[in-house]
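A look at the structure
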Amino acid sequence: MSFFGRRPKRSPTPTGSLSRQNSLTEGDAANAKPLYLCSPFADAALVNGNFKTIVMLPKYVDVMEWVAVNIYDFYTNLNEFYGCIAECCTQSSCPTMSAGSSLNYLWTTPERKQVSLSAPTYIDSVMSSVQKLLEDESVFPTKSGQEFHKELFPVTVKHIYRQFLRIFAHIYHAHFPQILHLRAEPHFNSLFAHFLAFGREYQLLDEKDIRGDPNAPVGVGLLWERWKSSGKLEKGAGEA
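Residues numbered from 1 in each chain as written. Predicted model: local features only at pLDDT ≥ 70, side-chain atom pairs only at ≥ 80, totals over all residues. Heavy atoms only, no water.

An unreviewed UniProt entry annotates the protein as Mob1/phocein of Lentinula boryana.

Moving on, we come to the environment of Thr 53. You can see Thr 53 is positioned in helix H2 (residues 52-55). Classification of Thr 53 by relative accessible area gives exposed; the value is 64%. For the pair formed by Thr 53 and Ala 197, sequence separation is 144 residues and the distance between their alpha carbons is 9.8 Å. (Helix = DSSP H or I, 4+ residues; strand = E, 2+ residues; numbered from the N terminus. Buried < 20%, exposed > 50% of the residue type's maximum accessible area, 1.4 Å probe, protein only.)

To continue, consider the layout of surface pockets. Its boundaries defined by the atoms lining it, the second largest pocket holds a volume of some 430 Å³. Along its surface, the second largest pocket is lined by 18 residues, and Trp 107, Thr 108, Arg 112, His 159 and Gln 163 are the ones closest to its centre. Elements with a minimum of two residues in the lining of the second largest pocket: strand E3 (107-108), helix H4 (119-134) and helix H5 (152-181). The greatest single-element share of the lining of the second largest pocket, amounting to seven residues, is contributed by H5. Among the residues forming the lining of the second largest pocket, the class breakdown is eight nonpolar, seven polar and three charged. (1 Å grid on protein atoms, 1.4 Å probe; cavity = no way out; pocket = protein on both sides within 12 Å on 5 of 7 lines; lining within 4 Å. Points joined across faces, edges and corners; volume = space filled by probe spheres on them. Nonpolar A, V, L, I, M, F, W, Y, C, P; charged D, E, K, R; others polar.)

Summing up the model confidence of the protein, the mean pLDDT is 85 and the portion of residues at 70 or higher is 84%. Within the model, pLDDT remains below 50 along residues 1-30, and this stretch shows 54 contacts once partners closer than five positions in the same chain are excluded. In the model, residues 236-240 has pLDDT below 50 throughout and makes six contacts with residues more than four positions away in sequence or in other chains. (pLDDT = per-residue confidence, 0-100. Contact = heavy atoms within 4.5 Å.)

Under the definition given, this model contains six salt bridges. Of the charged contacts in the structure, one is a salt bridge between Arg 200 and Glu 207, with a shortest N-O distance of 3.6 Å. The network of salt bridges with common partners includes Arg 200, Glu 207, Arg 211 and Glu 225. (Salt bridge = Lys/Arg side-chain N within 4 Å of Asp/Glu carboxyl O.)

Another point: the nonpolar core. Counting 69 residues, the largest nonpolar core has Phe 140, Phe 164, Tyr 172, Phe 192, Phe 195, Leu 196 and Phe 198 as the members making the most contacts within it. Elements that contribute at least two residues to this core include exactly helix H3 (63-85), strand E1 (97-100), strand E2 (103-105), H4, H5, helix H6 (185-201) and helix H8 (221-230). Among the elements that line this core, the one with the most residues is H5, at 14 residues. In this structure Leu 196 touches Leu 165, Leu 205, Ile 210, Trp 224, Trp 227 and Leu 233, once residues within four positions along its chain are discounted. (Core = buried A, V, L, I, M, F, W, Y, C linked by side-chain atoms within 4.5 Å.)

Mapped onto the elements of the fold, Gln 146 is located in the loop between H4 and H5. Ignoring sequence-local partners within four residues, the contact set of Gln 146 consists of Glu 137 and Pro 141.

So, on to H4. End to end, H4 covers 22 Å across 16 residues, agreeing with the expected 22 Å (1.5 Å per residue, within 8%). Those residues of H4 lying buried are Ala 119, Pro 120, Tyr 122, Ile 123, Val 126, Met 127, Val 130 and Leu 134. With its buried residues spanning 160° around the axis, H4 presents them on a single face. Structurally, H4 contributes buried residues whose contacts are with H3, E1, E2, E3 and H5. (Expected span 1.5 Å × (residues − 1). Arc of directions from axis to C-beta.)

What follows is the structure, given as structure tokens:
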């Protein structure tokens, strides 16, 4: 589902120009509540109500094909959003893939070593690897008669989903002021809520992915809690 092209009601936006630097000092930033958790920004959206209806599997559609189509849409929309703020996500401004006050994601190399990368390098690595997978007919078949690999496909899409979550988390943590200056928070929030609802519906995300470790929580985990409590996200069996 694409959210582009719709004209939402705009929420109040801070004045000032787009900047690579946050106006808060390091001490202030450590104690300040993130803007993406503050009203009205946290609740700005293109649609009202529950996202359950737009993530449900359509009749007569194969579940793997439905997941594949949505993975492609999330890749496309997330890539466009990142392109809008990429000039603010640099080697110097984002030397790590930060997603919380005490959380920095590490990249796993083909040799299974975990290394720290700058956010732009990390994100480029994710998007490049996902593009290759999307173009791989053995993983994402597009021709008639081809079938999805019943074991490989679920593992692959869960990994992709986890990496997309990390990009969302970094943008919210490090670049939400730029999203506000673009007046794009209703679009971005709606895309992320759709992403979360779809991920939970098809078991592509675990709660631990969204919440993070108690000692290194994911910043957007609190946003997920807020939306879940408000009824914006689906409430599956076993969830409070």
